[in-house]
Amino acid sequence: MMEYDYNHFRKESDFHNKCCGGMFWCIRDICGIICAILTWLLILYAEFVVISVILYPNPNPIYCVINTIIFQTCAFLAFASHLKTMFTDPGAVPKGNATKEMLKQMGLREGQIIFKCSKCCSIKPDRAHHCSVCQRCIRKMDHHCPWVNNCVGENNQKYFVLFTFYICVISLHSLFLAINQFLMCVRHEWRECTSHSPPVTIVLLLFLMFEALLFAIFTAVMLGTQVQAIWNDETGIEQLKKEEARWVKKSRWKSIQAVFGRFSLLWFSPFARPTKYKSEMDFYSV
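Only a predicted model underlies this, so the values are computations on that prediction, with no experimental measurement involved.

The helix and strand tally for the chain stands at seven helices and eight strands. Looking at the chain residue by residue over its 286 residues, the buried ones come to 47%. Counted over contacts in the chain with a minimum sequence separation of 6, partners at least 24 positions apart contribute 70%. Accessible surface computed for the chain: about 15,600 Å², of which carbon and sulfur atoms make up 66%.

Structure, rendered in structure tokens:
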């Protein structure tokens, strides 16, 4: 096994996608930051309506406790998955490493072809694409998602799939709770069904139903697209460009394991990262 020291080839730190003095990955894109904050606010709004308008005034303690546990657990996991997707290096290729010294260290065979990105001056591995927002080449780039202010790539695809899954779950759960609460209030003629006035309750419930329906559809489509891409071992950008597969495609089960790891309950945890995680420093280690 050979490992290369890339610090020699990196003349300066890239502050566009790093924060806290280069310690953490974070894209400095104003549109993405606004979308990420909006995502957090929408989760908090659903949290407020579900807890204070729907569950807290409910006279049935069992109904209240069970639904609170389900919603709070899924909301926490959705929020954690979003943060992990946003602040995880998606598989960035070391910037500016396309140097003569690097090519010599790689020990290329005569006639072997390599690809170089003219935009970030990096040696481009198979299945890597340049992202104009991140200003980096990303390994197994699926797409750039403004809602998480990051690319979805080799290192954070699991977290993005979990984010779409848990948002879809809490959206469907919120929709069910809001409709049930609305019908209950109508049956009781808005007496003792909420701690807020009827007009305020109607507005809050209707907006929650609209938000929940919209994001349930959106995230369900995204989740299905991601699962299909993983299943077929083909990223979204490869499908869009209809690229001919120059790589050896994995079996469907191996492709899923490459993203989530060996099957266990850790598949559903945003705190367990895939075993094949690659940082910039070991990106080209062979």
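What follows is about the nonpolar core. Of all hydrophobic cores here, the largest spans 35 residues; its most connected members are Val-49, Ile-54, Leu-55, Phe-160, Ile-167, Leu-205 and Leu-208. Where this core is concerned, the elements lending two or more residues are α1 (30-55), α2 (61-87), α4 (157-187) and α5 (198-231). Excluding anything up to four places from it in sequence, Leu-55 contacts Val-50, Tyr-63, Cys-64, Asn-67, Thr-68 and Leu-177.

Below, the discussion takes up empty space enclosed by the protein. Under the definition given, this model contains three cavities of 30 Å³ or more. When its volume is computed, the largest cavity comes out at roughly 230 Å³. Looking at the largest cavity, it is lined by 20 residues, and the ones nearest its centre are Ile-43, Ile-167, Ser-171, Glu-211 and Phe-215. Counting residues per element, the ones that place at least two in the lining of the largest cavity are α1, α4 and α5. The residue makeup of the lining of the largest cavity, split by class, is 14 nonpolar, five polar and one charged. Computed from the structure, the second largest cavity encloses a volume of approximately 50 Å³. Lining the second largest cavity we find Arg-127, Lys-140, Gln-157, Ala-229, Ile-230, Asp-233, Glu-234, Thr-235 and Ser-255. Looking at side-chain class alone, the lining of the second largest cavity contains two nonpolar, three polar and four charged residues.

Glancing now at a nonpolar patch on the surface. Where nonpolar side chains cluster on the molecular surface, the patch consists of Ile-33, Ile-37, Leu-41 and Leu-44 and spans about 340 Å² of accessible area. You can see Ile-37 is positioned in helix α1. Taking relative accessible area as the criterion, Ile-37 reaches 37% and is therefore assigned partly exposed.

Here the focus is the pattern of salt bridges. For the structure on display, the rule yields three salt bridges. Across the pair Glu-154 and Arg-139 runs a salt bridge whose closest N-O atoms are separated by 3.0 Å. Of this pair, Glu-154 sits in the loop between β8 (150-152) and α4 while Arg-139 sits in strand β6 (residues 136-139), and the two are 15 residues apart along the sequence. We classify Glu-154 as partly exposed; its relative accessible area is 23%. Counted as one network, the salt bridges with shared partners bring together Arg-127, Asp-233 and Glu-238.

Next up on the list: the pairing of β6. Across four bridges, strand β5 (residues 128-131) lies against β6 in antiparallel orientation. Residue pairing for β6: Ala-128 is matched across the bridge by Arg-139.

A few words now on the packing of aromatic side chains. Applying the stated rule across the entire model yields ten aromatic pairs. Seen in terms of ring centroids, Trp-147 and Phe-215 are 6.2 Å apart; in terms of plane orientation they differ by 85°. Their pairing is edge-to-face. Highlighted residues: Trp-147 in the loop between β7 (143-145) and β8 and Phe-215 in helix α5, separated in sequence by 68 residues. Relative to Trp-267, the ring of Phe-263 lies with its centre 4.9 Å away and its plane at 85°, an arrangement referred to as edge-to-face. For Phe-263, a relative accessible area of 56% translates into the label exposed. Through a chain of ring-to-ring contacts, the aromatic side chains of Trp-253, Phe-260, Phe-263 and Trp-267 assemble into a single cluster.

Among the residues of helix α7 (residues 252-260), Ser-255, Ile-256, Ala-258, Val-259 and Phe-260 are the ones counted as buried. Those residues of α7 that are buried are in contact with α4 and α5. Taken from the residues just after α7, Gly-261 is the one with a positive phi, measuring 90°.

Over its 31 residues, α4 runs 45 Å from end to end, which matches the ideal 45 Å to within 8%, given 1.5 Å per residue. Positive backbone phi, at 55°, marks Glu-189, one or two positions downstream of α4.

What counts and what doesn't
Throughout, a residue's number is its position along its own chain's written sequence, starting from 1. Given that this is a predicted model, residues contribute local features only at a pLDDT of at least 70 and side-chain atom pairs are listed and counted only at 80 or more, while totals for whole chains, interfaces and linings are drawn from all residues. The side-chain numbers reported here are obtained from all heavy atoms of the structure, hydrogens and water having been left aside. Under the DSSP-based scheme used, a helix requires at least four consecutive residues in state H or I and a strand at least two consecutive residues in state E, with every element numbered from the N terminus. Only protein chains enter the area calculation, which uses a 1.4 Å probe; residues under 20% of their type maximum are buried, those over 50% are exposed, and those in between are partly exposed. Contacts were defined at the residue level, with two residues in contact if any of their heavy atoms lie within 4.5 Å. For every accessible area listed, the method is Shrake-Rupley and the probe measures 1.4 Å; residues are considered covered only by the protein chains on display. The criterion is simple. A nonpolar core is a set of buried Ala, Val, Leu, Ile, Met, Phe, Trp, Tyr and Cys residues joined through side-chain atoms within 4.5 Å. Both cavities and pockets are sets of points on a 1 Å grid over the protein atoms alone; in a cavity a 1.4 Å probe fits but cannot get out, in a pocket the set is open with protein on both sides within 12 Å along at least five of seven lines, and lining residues sit with an atom within 4 Å of a point. Grid points are joined across faces, edges and corners, and a volume is the space filled by probe spheres set on the points. Throughout, the ten residues Ala, Val, Leu, Ile, Met, Phe, Trp, Tyr, Cys and Pro are labelled nonpolar, Asp, Glu, Lys and Arg are labelled charged, and all others, Gly among them, are labelled polar. Residues enter patches when they are more than 30% accessible in relative terms and free of salt bridges; like-charged ones are connected within 9 Å and nonpolar ones (Val, Leu, Ile, Met, Phe, Trp, Tyr) within 5 Å. Salt bridges, as used here, are contacts in which a Lys or Arg side-chain nitrogen is within 4 Å of a carboxyl oxygen on Asp or Glu. Strand pairing is defined by DSSP finding a minimum of two bridges between the two strands. Stacked, edge-to-face and tilted labels apply to pairs of Phe, Tyr and Trp rings (six-membered ring for Trp) whose centres lie within 6.5 Å, assigned for plane angles under 30 degrees, over 60, and everything in between, in that order. A helix's residues, less one, multiplied by 1.5 Å, set its expected span.

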